[in-house]
Amino acid sequence: MDCIFCKIANGEIPSNKVYEDDKILAFYDLNPQAKVHVLVIPKNHISCADEINEANCNDIAHIFVKIPGIARLAGIKNGYRVITNCGEDGCQSVKHLHYHVLGGEKLSEKMA
Ligand code: AMP
Ligand code: ZN
């Protein structure tokens, strides 16, 4: 499958890593939309939030267990926002589930 985040997860494409374990990878977004912008992905391909199910939801729970530590590792000290874009109206551009962790500054009160 030609998936850029699968290639980042398996090391074919380099990334600026924040955290990695057997299930997930966190790396800096190439085009940051806040002072700190990290992406957190499951290593197993899941295309978007619509594809989360009973069989793969442990990886998603693991992402949320790890996000506070990932935010700290990235230098976020005073709160953050977690976003996932899904599908056409959600403006998802990379079709491998990822959570944006945004922080390092006061974010907009608007979410959309
Ligand atoms: P989304 O629009 O929610 O699908 O977000 C995709 C994100 O992936 C965007 O914020 C891009 O800047 C980011 N991105 C795309 N390719 C790379 C890459 N090779 N390394 C890091 N971030 C990337
Ligand atoms: Zn993938």
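Structure: above.
These notes cover the structure that comes with them. Remember, it's a predicted structure, so these values are computed and weren't measured experimentally. All chains use their own residue numbering, which begins from 1 and follows the written sequence. Labels follow written order: the first chain is A, the first ligand is 1, and so on. Confidence filtering applies because this is a predicted model: local features only for residues at pLDDT of at least 70, side-chain atom pairs given and counted only at 80 or more, and all residues used for totals across whole chains, interfaces and linings. Heavy atoms from the whole structure form the basis of all side-chain values; hydrogens and water molecules are not counted.

## Some words on the overall build of the protein chain
Here is step 1 of the chain: A count of helical and extended segments in the protein chain gives 2 helices and 5 strands.
Here is step 2 of the chain: When the helices and strands of the protein chain are listed from N to C terminus, the series reads α-β-β-β-α-β-β.
Here is step 3 of the chain: For the radius of gyration, the atoms used are the C-alpha atoms, and the globule rule reads 2.2 Å times the number of residues raised to 0.38. What you see for the protein chain is a C-alpha radius of gyration of 13 Å, in line with the 13 Å of a compact globule of 112 residues.
Here is step 4 of the chain: With the C-alpha coordinates aligned to their principal axes, the bounding extent of the protein chain is approximately 35 × 30 × 25 Å.
Here is step 5 of the chain: Burial classes follow relative accessibility: with a 1.4 Å probe on protein chains only, a residue under 20% of its type's maximum area counts as buried, one over 50% as exposed, and anything between as partly exposed. Classification of the 112 residues of the protein chain by burial places 38% in the buried group.
Here is step 6 of the chain: Summing over all exposed atoms, the protein chain offers an accessible surface of approximately 7,000 Å²; the carbon and sulfur share of this is 50%.
Here is step 7 of the chain: Computed over 12 positive and 14 negative side-chain charges, the inter-centroid distance for the protein chain is 10 Å. Think of it this way: any DSSP run of H or I at least four residues long counts as a helix, any run of E at least two long counts as a strand, and we number them from the N terminus. To measure how exposed things are, a 1.4 Å probe is used in the Shrake-Rupley method; for residues, cover is taken only from the protein chains shown. Counting rule applied: Lys, Arg positive; Asp, Glu negative; His and chain ends not counted. For the purpose of locating charges, the reference atoms are NZ of Lys, CZ of Arg, CG of Asp and CD of Glu.

## Points about the coordination of the zinc ion (ligand 2)
Here is step 1 of the chain: Only N, O and S atoms count as donors, using a 2.8 Å cut-off from the metal and 3.2 Å for Na, K and Ca, and because water is excluded some sites may appear unfinished. Only Cys 3 (SG), Cys 6 (SG), His 45 (ND1) and His 96 (ND1) from the protein reach the zinc ion (ligand 2) as donors, at distances of 2.0 to 2.3 Å.
Here is step 2 of the chain: Sites are called tetrahedral only when four donors show all angles between 85 and 135 degrees, square planar or octahedral only when four or six donors show opposite pairs over 155 degrees and all other angles between 65 and 115, and irregular in any remaining case. With 4 donor atoms in place around the zinc ion (ligand 2) and angles of 105 to 116° between them, the coordination shape is tetrahedral.
Here is step 3 of the chain: In primary sequence terms, the donor set of the zinc ion (ligand 2) follows C-x2-C-x38-H-x50-H. Residue Cys 3 is located in the segment before helix H1 (4–9), and its partner His 96 is located in the loop between strand E4 (80–83) and strand E5 (99–103); the two are separated by 93 residues in the primary sequence. Taken individually, Cys 3 and His 96 each receive the classification buried, so the pair is uniform in this respect.

## Quick word on the nonpolar core
Generally speaking, soluble globular proteins have nonpolar side chains that are buried together.
Here is step 1 of the chain: Among buried residues, those of type Ala, Val, Leu, Ile, Met, Phe, Trp, Tyr and Cys that are joined through side-chain atoms within 4.5 Å constitute a nonpolar core. Val 18, Ala 26, Val 38, Val 40, Ile 63, Ile 70 and Val 101 are the most contacted members of the largest nonpolar core, which has 17 residues in total.
Here is step 2 of the chain: Counting only elements with at least two residues in this core, the list comes to strand E2 (24–28), strand E3 (36–42), helix H2 (57–73) and E5.
Here is step 3 of the chain: The element best represented in this core is H2, accounting for 5 residues.
Here is step 4 of the chain: The residues touching Val 40, leaving out its near neighbours within four places in the chain, are Ile 24, Leu 25, Ala 26, Ile 63, Ile 67, Ile 70, Leu 97, His 98, Tyr 99 and Val 101.
Here is step 5 of the chain: Counting 10 residues, the second-largest nonpolar core is a separate cluster that includes Cys 3, Cys 6, Leu 39 and Val 94. Should any heavy atoms of two residues lie within 4.5 Å, those residues are counted as being in contact.

## Overview of the packing of aromatic side chains
Here is step 1 of the chain: Within 6.5 Å between ring centres, the rings of Phe, Tyr and Trp (the latter by its six-membered ring) count as paired, and their orientation is classed by plane angle as stacked under 30 degrees, edge-to-face over 60, tilted in between. Counted under the stated rule, the structure contains 2 aromatic pairs.
Here is step 2 of the chain: With a centroid separation of 5.5 Å and 85° between ring planes, the pair formed by Phe 5 and Phe 27 is classed as edge-to-face. Highlighted residues: Phe 5 in helix H1 and Phe 27 in strand E2, separated in sequence by 22 residues. In terms of burial, Phe 5 and Phe 27 fall into one category: buried.

## Some thoughts on the sheet that holds E5
Here is step 1 of the chain: Strand order in the open sheet made by the 5 strands is E1-E2-E3-E5-E4, with antiparallel pairing throughout. Of all the strands in the sheet, just strand E1 (17–20) and E4 have a single pairing partner and so form its edges. Between one strand and the next, the sheet's axes are offset by a mean angle of 20°, whatever the strand orientation.
Here is step 2 of the chain: Between N-to-C directions, angles cover 0 to 180 degrees, with each direction set by a line fitted to C-alpha atoms, over the stretch in contact for helices. Those strands touched by H2 are E1, E2, E3, E4 and E5, and its axis lies near 155° from that of E3. DSSP calls a pair of strands paired once it identifies at least 2 bridges connecting them.

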